[in-house]
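Listed below are the residues making up each chain.
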Amino acid sequence: MEQQGEGQLKKRKGTPLLAVMDESCSSCAGSPVCELHCPVEDCINLLYEETPNGGLKPYRVWVDNDKCIGCQMCFSDDSTKVHRHKETGEIFREYAGRYYDSSKRPLEKEEVPKKFQLELIGTESEDRLDKKICPWDAIKMHEFDEGAELSKYFYGPENIKVVNGIYVIDAAEKKRLEEKQSELYGG
Ligand code: SF4
Ligand code: SF4
């Protein structure tokens, strides 16, 4: 049974990491590859910019810091996934299609829980070959507090508008972010 009381809903689960998409993000031309890998709904969001003629075009993605569980699945395709059994609380690890128990013993096929019984709570990296997801290397994983600070250079959720259900950044906010980025990179 889920032990998630109302007061805990906003608490972050999993690893104490946060994904931050930086100025190299191209939005993948409006079809973000990273979003396809993120297991949390509405965590990675496409952001549009206003064009001078009043139109909109894809700009970047922004991460909802309250939703990101730091699982790194948007970052690398080469991590061990850590799952928790929703009923028993047992921990299982998954790598390259194989499942292991909490002491890393490989499981027999009949011991593997059903997918719906498992909740992804994070990932572990064992320094395997790093298969990065982002073609532009725009995703960096940070300790949560440091990442939350840094994310303000790339997207300030409080300054993002919602227009007909899509996220839009206006010219003034874009300029503010670009100034912050040159402060960060000294350029
Ligand atoms: S995969 Fe990289 S470039 Fe594409 S939307 Fe995500 S962060 Fe941006
Ligand atoms: S670290 Fe996990 S939860 Fe956070 S944005 Fe990436 S895929 Fe989504």
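So, a few notes on the structure that sits alongside this text. (Residues numbered from 1 in each chain as written. Chains lettered and ligands numbered in written order. Predicted model: local features only at pLDDT ≥ 70, side-chain atom pairs only at ≥ 80, totals over all residues. Heavy atoms only, no water.)

### Some words on the overall build of the protein
Broken down by element type, the protein carries three helices and 10 strands. Reading the protein from its N terminus to its C terminus gives the helix and strand order β-α-β-β-β-β-β-β-β-α-β-β-α. Its C-alpha atoms put the protein at 60 × 40 × 30 Å along the principal axes. Taking all 187 residues of the protein together, the buried fraction comes to 40%. For the protein, contacts bridging at least 24 residues in sequence account for 68% of all contacts bridging at least 6. Each charge class in the protein can be summarised by its mean position, and for the 27 positive and 36 negative side chains these summaries are 2 Å apart. (Helix = DSSP H or I, 4+ residues; strand = E, 2+ residues; numbered from the N terminus. Buried < 20%, exposed > 50% of the residue type's maximum accessible area, 1.4 Å probe, protein only. Contact = heavy atoms within 4.5 Å. Lys, Arg positive; Asp, Glu negative; His and termini not counted. Charge placed at Lys NZ, Arg CZ, Asp CG, Glu CD.)

### Some words on the site of ligand 2
Inspection of the region around ligand 2 gives 14 residues, with C38, C68, C71, Q72 and C74 positioned closest. Here the shell around ligand 2 is composed, by residue class, of 12 nonpolar, two polar and no charged. (Near = heavy atom within 4 Å. Nonpolar A, V, L, I, M, F, W, Y, C, P; charged D, E, K, R; others polar.)

### Quick look at the pattern of salt bridges
Using the criterion set out here, one finds 14 salt bridges in the structure. The shortest N-O distance in the salt bridge between E50 and K161 comes to 3.0 Å. On the criterion of sequence distance, the pair formed by E50 in strand β2 (residues 44-50) and K161 in strand β9 (residues 161-163) is long-range, its members being 111 residues apart. Judged by relative accessible area, which is 33%, E50 ranks as partly exposed. With a closest N to O distance of 3.4 Å, R84 and E119 form a salt bridge. Remark: E119 occurs in strand β7 (residues 118-124) and R84 occurs in strand β4 (residues 80-85); sequence separation between them is 35 residues. Looking at E119, the relative accessible area reads 12%, which means it is buried. Via salt bridges that share partners, E49, K174 and E178 belong to a single interconnected network. (Salt bridge = Lys/Arg side-chain N within 4 Å of Asp/Glu carboxyl O.)

### Looking at the sheet that holds strand β6 (residues 98-100)
Sheet strands line up and pair through hydrogen bonds in the backbone, either parallel or antiparallel. Judged by pairing direction, the sheet is antiparallel, and its four strands sit side by side in the order β6-β5-β4-β7 without closing on themselves. Of all strands in the sheet, those with a lone pairing partner are β6 and β7, marking the two edges. Direction aside, the axes of adjacent strands within the sheet are offset by 30° on average. Bridge count between β4 and strand β5 (residues 91-95): four bridges; the pairing is antiparallel. Among the inter-strand pairings, H83 is bridged to a residue of β5, identified as F92. (Pairing = 2+ DSSP bridges. Axes fitted to C-alpha atoms, helices over the stretch in contact; angles between N-to-C directions.)

### Some remarks on the nonpolar core
Ranked by internal contacts, the top residues of the largest apolar core, which has 31 residues, are M21, I44, I139 and Y155. Counting residues per element, this core draws most heavily on strand β1 (residues 17-21), at five residues. Excluding residues within four positions of it along the chain, I139 makes contact with A19, V20, M21, C34, C74, F75 and C134. (Core = buried A, V, L, I, M, F, W, Y, C linked by side-chain atoms within 4.5 Å.)

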